[in-house]
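Residue-level structure breakdown
Next come the chains, spelled out residue by residue.
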Protein chains: 2
Amino acid sequence: MTDFRAEVQEHFRGLRDRIVARLEELEGGTRFRRTTWERPGGGGGEMSELRGELFEKGGCNFSAVAGERYPFVPSEGAKVLAPEDEALGVRLPRAEDLAGKPFFATGVSLVLHPRNPYVPVVHLNVRYLQVGELEWFGGGTDLTPCRPYDEDTAHFHQVLRDACDSHDPRAYPRLSQWAREYFYIQHRKSERGVGGIFFDYLSGRAHWPFVRAIGDAFLPAYAPLVEKRRGQVFSDEDRAQQLKWRGRYVEFNLVHDRGTLFGLKTGGNIEAIFMSLPPLVAW
Amino acid sequence: MTDFRAEVQEHFRGLRDRIVARLEELEGGTRFRRTTWERPGGGGGEMSELRGELFEKGGCNFSAVAGERYPFVPSEGAKVLAPEDEALGVRLPRAEDLAGKPFFATGVSLVLHPRNPYVPVVHLNVRYLQVGELEWFGGGTDLTPCRPYDEDTAHFHQVLRDACDSHDPRAYPRLSQWAREYFYIQHRKSERGVGGIFFDYLSGRAHWPFVRAIGDAFLPAYAPLVEKRRGQVFSDEDRAQQLKWRGRYVEFNLVHDRGTLFGLKTGGNIEAIFMSLPPLVAW
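Residues numbered from 1 in each chain as written. Chains lettered and ligands numbered in written order. Predicted model: local features only at pLDDT ≥ 70, side-chain atom pairs only at ≥ 80, totals over all residues. Heavy atoms only, no water.

Now for the overall build of chain A. Along chain A, the regular secondary structure elements total nine helices and ten strands. Over its C-alpha atoms chain A spans a radius of gyration of 18 Å, differing by no more than 12% from the 19 Å that the globule rule assigns to 283 residues. Across its three principal axes, chain A shows a C-alpha extent of roughly 55 × 40 × 35 Å. The proportion of buried residues among the 283 residues of chain A is 57%. Long-range contacts, defined here as pairs at least 24 residues apart, represent 72% of the contacts in chain A between residues at least 6 apart. Accessible surface, chain A as shown: approximately 12000 Å² in total, 51% of it carbon and sulfur. A gap of 3 Å separates the mean positions of the 37 positive and 39 negative side-chain charges of chain A. (Helix = DSSP H or I, 4+ residues; strand = E, 2+ residues; numbered from the N terminus. Rg over C-alpha atoms; globule rule 2.2 N^0.38 Å. Buried < 20%, exposed > 50% of the residue type's maximum accessible area, 1.4 Å probe, protein only. Contact = heavy atoms within 4.5 Å. Areas by Shrake-Rupley, 256 points an atom, 1.4 Å probe, with all protein chains shown as cover. Lys, Arg positive; Asp, Glu negative; His and termini not counted. Charge placed at Lys NZ, Arg CZ, Asp CG, Glu CD.)

Here we come to the relation of the copies chain A and chain B. The relation between the two chain copies is a rotation about an axis coupled with a shift along that axis. When chain A is fitted to chain B, the best match, at an RMSD of 0.0 Å, comes from turning it 180 degrees and sliding it 0.1 Å along the axis. The two molecules are tied by a two-fold rotation axis, judged by turn and shift. Across chain A, the rotation axis passes nearest the C-alpha of Val281(A), at a separation of 2.6 Å. Looking at chain A, 100% of its interface residues are interface residues in chain B too, so the copies touch through the same face. (Least-squares fit on C-alpha atoms with pLDDT ≥ 70 in both.)

Our focus in this paragraph is the interface of chain A and chain B. Each partner contributes to the interface: chain A provides 21 residues, whereas chain B provides 21 residues. Counting the surface lost from both chain A and chain B, the interface buries some 1800 Å², and carbon and sulfur atoms represent 70% of this. Counting across the chain A and chain B interface gives zero salt bridges. On inspection of chain A and its partner chain B, the count reaches seven residue pairs in polar contact (both at pLDDT 80 or more). Those elements giving two or more residues to the side of chain A that touches chain B turn out to be α7 (236-256), α8 (258-265) and β10 (280-282) of chain A. (Buried area = accessible area lost by both parts, 1.4 Å probe. Salt bridge = Lys/Arg side-chain N within 4 Å of Asp/Glu carboxyl O. Polar contact = N/O pair within 3.5 Å; in protein donor to acceptor, adjacent residues only side chain to side chain.)

A few words on unusual backbone geometry. Positive phi, close to 50 degrees, is recorded for Lys189(A), a residue that is not glycine. Tracing the chain through its elements places Lys189(A) in the loop between β7 (184-185) and β8 (190-191). The backbone of Tyr201(B) shows a phi angle near 55 degrees, a positive value even though the residue is not glycine. Along the chain, the position of Tyr201(B) falls in strand β9 (residues 196-203).

Residue and element names in this part refer to chain B. Buried residues dominate strand β3 (residues 55-67), accounting for eleven of its 13 residues. Taken together, the eight bridges between strand β2 (residues 43-50) and β3 define a ladder with antiparallel strand orientation. In the sheet register, Leu50 faces β3, and the bridge partner there is Gly58. The loop that links β2 with its antiparallel partner β3 comprises four residues. Here twelve bridges tie β3 to strand β4 (residues 103-114), and the two strands are oriented antiparallel to one another. Bridge pairing in β4 places Asn61 opposite Ser109. (Pairing = 2+ DSSP bridges.)

Remember that the coordinates give geometry; whether it matters functionally is a separate question.
Okay, structure coming up:
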């Protein structure tokens with residue numbers, strides 16, 4: 001393993017540890033249950049799942065896998081969603097540079113479904129890929145409140161904007177627009193939440209400090225919203241509406257999300273993939 | 001409108017009425033709530049939804065729509081799933097005979113999610129399409145018990161086999177195999193239930209008596225299972241397992257079902273499409 005692979009992998013593992021520790025602090029009693037899995041082809045992951053009072057369901061997964069042949073699946077969608085952006089460093093790889101090449105991938109993936117409808121759902125992903133001669137970063141974070149508050153949305157975006165700006169002032173406008181396009185539920189003609197940032201194919205090691213900054217921005221962007229809203233009283237009617245509203249999250253993940261579909265279609269770990277789905281949903 | 005269109009459409013409307021009446025009889029108190037919708041391009045439908053005690057959620061939709069341009073979506077999957085079968089009358093239309101042609105479609109679609117985990121979930125669809133110069137029937141019915149009983153499965157299949165055999169002894173073996181292939185949850189490597197029959201592109205009016213027989217077989221195949229199991233006592237643990245097990249139904253419908261995805265991607269009526277999803281699901 002190269003030093004850089006090891007550095008990224010261990011940083012992501014540490015990021016997972018820091019996030020899990022802070023979430024357990026917020027939760028109070030219940031702890032994350034950690035399970036490890038091995039990938040037949042090489043590497044594996046560590047799933048951390050919480051079924052708590054504050055977080056009705058929460059998942060935070062770390063993984064680092066390697067293999068001889070990258071399971072490249074051509075996707076028309078990817079082209080539309082990832083226009084080249086040389087200035088930012090977004091470079092679409094050519095299919096022939098990926099298909100069947102040796103690969104390494106490591107990342108952290110998180111989704112939290114709070115019980116209280118006033119505490120927003122949140123998602124975070126940061127990942128690093130090496131495929132053949134290429135390497136790139138991808139990921140993003142977005143906020144999905146059942147009951148949105150402008151001030152909460154503004155806080156979440158401001159923390160992300162600051163993290164982006166300190167590296168490249170062009171990043172936040174571009175990546176928040178990308179999130180608006182990516183986290184869009186076509187059949188409902190609406191975004192799944194109030195946005196955040198999304199990026200993929202951010203090519204080259206020069207972007208590592210930026211990606212670290214995004215990972216580091218997660219807790220300052222999200223934790224204050226939990227602390228602010230967790231005490232708000234909700235009614236049975238609020239809860240019933242929340243269960244119906246959660247259906248949209250399932251619809252997005254199962255119908256549109258490339259990561260979920262890629263995982264399902266390439267024989268990924270079902271438990272890890274479905275950790276993102278809400279604990280209880282009504283239609 | 002041709003006489004045949006009118007005949008099929010009115011028969012389907014009557015089938016819906018007969019099924020709804022019998023289900024209301026089984027339910028006892030609560031009635032189906034009927035709402036009509038119009039398709040901007042022409043025609044429309046009547047949704048019947050039940051939120052009852054026996055049937056926690058049930059939907060039975062009738063529709064008859066027409067349009068100037070058939071929204072043909074080429075699908076690799078369809079080829080694999082519908083091999084030509086000249087003897088049975090299964091003939092795959094060529095894309096150029098469908099795309100952009102005037103069309104008419106009418107059908108009945110039903111899904112029932114009982115509250116008691118011992119009463120099986122069931123699905124029925126019968127439909128008739130005219131596109132350009134072509135016309136065909138499609139549909140099927142399948143049983144999805146949370147707690148399967150061999151004798152219930154045998155009864156359901158026997159009624160379908162009898163309905164098939166009276167028209168063509170080759171039909172049941174072929175169409176029940178087709179159901180095993182179609183109602184398969186790839187990422188779980190398992191069928192969604194205990195099968196039934198499935199068919200598509202059954203071409204020509206000669207198949208109308210057969211399709212009528214399938215529609216007529218639904219109540220005798222299903223209603224006795226409801227009467228037999230509705231009294232079985234279930235525990236909180238049974239209920240919790242049922243809610244988790246229902247996730248598979250959502251996964252099948254949102255990830256694999258061509259009808260659902262076709263509807264979502266062509267701007268279908270979301271309420272009618274999601275009537276098939278279970279009322280409450282846990283992951």
